[in-house]
Amino acid sequence: MNRIEREAAARQIMEQVPAPVPPDLCAEAVRRGERLLRRRLLVRRVMWMLALAAAVAFTVWAARVHPWTQPPSQTTPPITGW
């Protein structure tokens, strides 16, 4: 399709009668947008709560287990003085 054919096709589309728009289209779009925003806000809050719970759980675990200390030796010390 060359340039002239594309221009003719575009003119033909623009000269057609526009499709009828439902009267409640704007209200429906606003309603769906608000629902989407509420859902995003809820998901964001849940994710922050999960992150906070994970941080608290890690802090409690680290305070009780002390993973930064060296574990006790698994071998016995050499016996001297026999």
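In this text the structure is predicted, and so the values were computed from the model without any measurement. (Residues numbered from 1 in each chain as written. Predicted model: local features only at pLDDT ≥ 70, side-chain atom pairs only at ≥ 80, totals over all residues. Heavy atoms only, no water.)

Draft legend 1. Just the pattern of salt bridges, in detail. Tallying each qualifying case throughout the model produces two salt bridges. Linking Arg-3 and Glu-7 is a salt bridge whose minimum nitrogen-to-oxygen distance equals 3.3 Å. Taken together, the positions of Arg-3 and Glu-7, both in helix 1 (residues 3-15) and four residues apart, correspond to about one turn of that helix. With a relative accessible area of 31%, Glu-7 lands in the partly exposed category. In this structure, Arg-31 and Glu-28 form a salt bridge, with 2.5 Å as the shortest nitrogen-oxygen distance. With Arg-31 and Glu-28 both in helix 2 (residues 25-65), this residue pair falls three residues apart, about one helical turn. (Salt bridge = Lys/Arg side-chain N within 4 Å of Asp/Glu carboxyl O. Helix = DSSP H or I, 4+ residues; strand = E, 2+ residues; numbered from the N terminus. Buried < 20%, exposed > 50% of the residue type's maximum accessible area, 1.4 Å probe, protein only.)

Draft legend 2. Looking closely at the packing of aromatic side chains. Taken as a whole, this structure holds one aromatic pair when the rule is applied. With a centroid separation of 5.8 Å and 40 degrees between ring planes, the pair formed by Phe-58 and Trp-61 is classed as tilted. Placement of both Phe-58 and Trp-61 in helix 2 is noted, with a separation of three residues, approximately one turn of the helix. (Phe/Tyr/Trp six-rings, centres within 6.5 Å; stacked < 30°, edge-to-face > 60°.)

Draft legend 3. Quick peek at unusual backbone geometry. One non-glycine residue with positive phi stands out, namely His-66, at about 55 degrees. Summarising the element assignment, His-66 is placed in the segment after helix 2. The class of His-66 is partly exposed, set by a relative accessible area of 36%.

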